[in-house]
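# Geometric and topological summary
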Amino acid sequence: MPVQRADARRNYARILAVAESEVAEHGADASLEQIARVAGVGSATVRRHFPHRRALLDAVFHERLEALCDRARDLADTPDPRSALLEWLRAVTAYAASARGLAVALTLDAPNSADQAHVNTCAALFTEAADPLLRRAAQDGAVTPDVTVTDLVTLIAGIVWATEHHADPAAEADRLLGLTVAGLSPQR
């Protein structure tokens, strides 16, 4: 990777800071043109640093996603695989409910291209981190073997989208996650 000029590094940092604010306020559909305006750069500069919306969202959420992935790795050797998976899912759901746009970032499909530059980094990080938790839970019989990380991300995204405008999105998302995990039928 070539070394960036100092002004390019400053532009990147300024664009990312503005993007974080705009995504927090408007979600994943935050206007790239508005981000450019507020950052004091042209739209072409934004697109040079972030060639597609997914790249921008990946950068906006990267640090927190890394922390959630680290948490998954920490939980991977927990004696109770079901509890480990559920603890991690609750952490992901809580963050996604408080970070507008993350659910979209996790579920964006790759373009119709085999180009590896377009891989959804958010989803790839989550898959890599969650897979050991899910595999252990399935081996322990706590989760059916056909459940995938994509299924879990889809459930979390659906819960987050459904609770986005709730008075307390994080609490409602946690309640719905608990309901999802427990199922609809009472315990017998």
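So, here is what we can say about the structure in this document. Because the structure is predicted, anything quoted here is derived from the model rather than measured.

## Details of the overall build of the chain
Tallying secondary structure elements over the chain gives nine helices and zero strands in all. When each of the 188 residues of the chain is scored for burial, the buried share is 39%. Excluding contacts between residues fewer than 6 apart, the proportion of contacts in the chain whose partners are at least 24 apart in sequence is 66%. Accessible surface, the chain: about 10600 Å² in total, of which carbon and sulfur atoms supply 53%.

## Let's talk about the packing of helix H1 (residues 6-26) against helix H4 (residues 53-75)
At a closest axis distance of 10 Å, the pairing of H1 and H4 adopts a crossing angle of 85 degrees. Taken together, the axes of H1 and H4 lie roughly perpendicular to each other. For the pair formed by H1 and H4, the contact residues are Tyr-12, Leu-16, Ala-19, Glu-20 and Val-23 on the first element and Leu-56, Leu-57, Ala-59, Val-60 and Phe-61 on the second. When its residues are assigned to classes, the contact of H1 with H4 shows nine nonpolar, no polar and one charged.

## Let's talk about the packing of aromatic side chains
Per the stated rule, a full pass over the model turns up one aromatic pair. Its end group placed over the ring of Tyr-95, Arg-64 keeps NZ or CZ at 5.0 Å from the ring centre.

## Observations regarding the packing of H1 against helix H2 (residues 32-39)
For the pair H1 and H2, the least separation of the axes is 9 Å and the interaxial angle reads 125 degrees. Taken together, the axes of H1 and H2 are oblique relative to one another. The two elements H1 and H2 cross, and the hand of that crossing is right-handed. Seen from H1, the contacting residues are Arg-14, Ile-15, Val-18, Ala-19 and Glu-22; seen from H2, they are Gln-34, Ile-35, Val-38 and Ala-39. Here the residues of the contact of H1 with H2 sort into six nonpolar, one polar and two charged.

## A look at the environment of Thr-127
Of note, Thr-127 is situated in helix H7 (residues 121-139). Once the C-alpha coordinates of Thr-127 and Val-153 are considered, the two residues, 26 residues apart in sequence, prove to be 9.0 Å apart.

## Points about the pattern of salt bridges
As enumerated under the stated definition, the model contains nine salt bridges in all. Residue Asp-131 is joined to Arg-135 by a salt bridge in which the shortest nitrogen-to-oxygen separation is 2.9 Å. One end of the pair, Asp-131, and the other, Arg-135, are both in helix H7, four residues apart, so they sit about a helical turn from each other. Among the salt bridges present, the one from Glu-172 reaches Arg-175, with a minimum N-O distance of 3.0 Å. On the criterion of helical spacing, the pair formed by Glu-172 and Arg-175 is a turn pair, its members being three residues apart in helix H9 (residues 169-182). Each of Glu-66, Asp-70 and Arg-73 takes part in a single network of salt bridges with overlapping partners.

## A short note on the environment of Ala-36
With respect to the helices, strands and loops of the structure, Ala-36 is situated in helix H2. A relative accessible area of 1% places Ala-36 in the buried class. Residues Ala-36 and Arg-47 lie eleven residues apart in sequence; the distance between their C-alpha atoms is 9.3 Å. Aside from chain neighbours lying at most four places away, what touches Ala-36 is Val-41, Gly-42, Ser-43 and Val-46.

Thresholds, definitions, all that
- Residues numbered from 1 in each chain as written.
- Predicted model: local features only at pLDDT ≥ 70, side-chain atom pairs only at ≥ 80, totals over all residues.
- Heavy atoms only, no water.
- Helix = DSSP H or I, 4+ residues; strand = E, 2+ residues; numbered from the N terminus.
- Buried < 20%, exposed > 50% of the residue type's maximum accessible area, 1.4 Å probe, protein only.
- Contact = heavy atoms within 4.5 Å.
- Areas by Shrake-Rupley, 256 points an atom, 1.4 Å probe, with all protein chains shown as cover.
- Axes fitted to C-alpha atoms, helices over the stretch in contact; angles between N-to-C directions.
- Parallel < 35°, antiparallel > 145°, perpendicular 65-115°, else oblique.
- Nonpolar A, V, L, I, M, F, W, Y, C, P; charged D, E, K, R; others polar.
- Phe/Tyr/Trp six-rings, centres within 6.5 Å; stacked < 30°, edge-to-face > 60°.
- Lys NZ or Arg CZ within 6 Å of the ring centre and 35° of its normal.
- Left-handed = near helix turned anticlockwise from the far one by under 90°.
- Salt bridge = Lys/Arg side-chain N within 4 Å of Asp/Glu carboxyl O.

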